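For reference, the chains in residue letters:
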Amino acid sequence: MRPSFPLRAQDAAGAAFSGGHALRWQTRLQLHQGMITVDRTGRRRALPPRAAAGEKVESATKDASAAAGKAKAAVGKAGEVVKGNVAQLLGMKGADAETNIWKIRLQLTKPVTWVPLIWGVLCGAAASGQFTWTPEHVAQSAVCMMMSGPFLTGYTQTINDYYDREIDAINEPYRPIPSGAISEPQVIAQFVTLLLAGLGTAYALDVWAGHETPTLFLLACFGSFISYIYSAPPLKLKQSGWAGNYALGSSYIALPWWAGQALFGTLTWDVVVLTMLYSTAGLGIAIVNDFKSIEGDRQMGLQSLPVAFGVDTAKWITVGTIDVTQFSVAAYLAFGLHEPVYAAVLTALILPQVFAQVKYFIPDPIKNDVAYQARAQPFLVFGLLTTGLAIGHHNAAALGM
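Residues numbered from 1 in each chain as written. Predicted model: local features only at pLDDT ≥ 70, side-chain atom pairs only at ≥ 80, totals over all residues. Heavy atoms only, no water.

- The protein carries the name Chlorophyll synthase in an unreviewed UniProt entry, which gives Elliptochloris bilobata as its organism.
- Regarding the protein, the relevant UniProt record gives this comment under Subcellular location (unreviewed entry): "Membrane". (UniProt positions renumbered as here; feature names shortened; annotations may be inferred.)

So, in structure tokens, the structure goes:
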């Protein structure tokens, strides 16, 4: 009987010469990934254990690779879910849809925007020169941060969303109001409640601090009024790029600073002027946020600076206001307050912001606005604290503390 497939002549001859007296001869041929043995009669014999093991290892490897791929996909999907949920709770772009009414209410207040206000209170407390790490002062500062952040900033963001619902339907349709996740009467009830909570907390702080004049209550009323005319017609300051962005910048820098300093010390006119100057840097930060909304602002007739001047001009206005303001404050610390160490620290905190502008913002402010802010903002807010500490050190020295 002939084998079921041809053997090469030299293989057969070699086998016959080396073992012609044997009853059987074998030739192993490599077929695909396994070995098959053919005896002298041409019958196929079982695969050797080594070849079978190889096939099993390969199969197991493929199964493991498939399982790893599924696991990686599951982790990626879980990561996207977590990212979407966090964005939803913080009121950030890219949020997932939500049906829980309390999560929706939280999203309306944009908790991510509370941070600058809370930080501003800390800077003002430092600038007072009279803040101490006693339980009472820490508790008072915490309540002041609650007033400035969750209550009054929450009010500001909620009322802004209410009056921007048509613009958000274009720029950010996932927001709670344009998506229909919450009704307009519910939104009105929310911003009124937050406003009353903020004003009530401000008055309680005045009583707690023993103020003869309710300074914090008056500041809260002023800030709330600015927030209203910023968002609501007929003034709607945000329609004007300069006035709207400066109002926003001062609300994030000057107002919480004033509250923190007035709570623990005396708010002086030189500090008012300095923080108003610093708010010009806040104007620049506000312009950064306008680049992502150019299309919707243009359709709704809002004259944000990127719309009014174009992207290229607006980006240079942005970096100019941020940098010139901070370098001017550093000069004031060095030559006006005679605090050269604090001035040097502030200058060192400005330089990384300039680097982030050159690397990210100036090349493409629309694409890289988030990347720029993530890298530059921490240095700006620590610069604010440095300025507050410098003023506090100067004031404490003047008081002989």
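Once you've had a look at it, read on.
## Digging into the UniProt feature "transmembrane region" (unreviewed entry) in the protein
Piece 1. The positions UniProt marks with the feature "transmembrane region" (unreviewed entry) are residues 187-205, 211-230 and 271-291.
Piece 2. The straight-line gap between the two end C-alpha atoms of residues 187-205 is 27 Å; of that span, 100% is helix and 0% is strand.
Piece 3. The span residues 271-291 is 95% helical and 0% strand by assignment, and the distance between its end C-alpha atoms comes to 31 Å. (Helix = DSSP H or I, 4+ residues; strand = E, 2+ residues; numbered from the N terminus.)

## Points about the packing of aromatic side chains
Piece 1. Applying the stated criterion to the full structure yields 11 aromatic pairs.
Piece 2. When the ring of Trp119 is compared with that of Phe382, the centres are 5.1 Å apart and the planes differ by 75°; the resulting orientation is edge-to-face. Taken together, the positions of Trp119 in helix H4 (residues 114-128) and Phe382 in helix H15 (residues 369-398) put the pair 263 residues apart, joining distant regions of the chain.
Piece 3. Seen from their ring centres, Phe361 and Tyr372 are 5.1 Å apart, and the 40° between their planes marks the pair as tilted. (Phe/Tyr/Trp six-rings, centres within 6.5 Å; stacked < 30°, edge-to-face > 60°.)

## Digging into a nonpolar patch on the surface
Piece 1. Taken together, Ile188, Val192 and Leu196 make up a surface patch of nonpolar side chains, about 240 Å² in accessible area.
Piece 2. Within the secondary structure, Val192 is located in helix H7 (residues 184-209). (Patch = residues over 30% accessible without salt bridge, like charges linked within 9 Å, V, L, I, M, F, W, Y side chains within 5 Å. Areas by Shrake-Rupley, 256 points an atom, 1.4 Å probe, with all protein chains shown as cover. Salt bridge = Lys/Arg side-chain N within 4 Å of Asp/Glu carboxyl O.)

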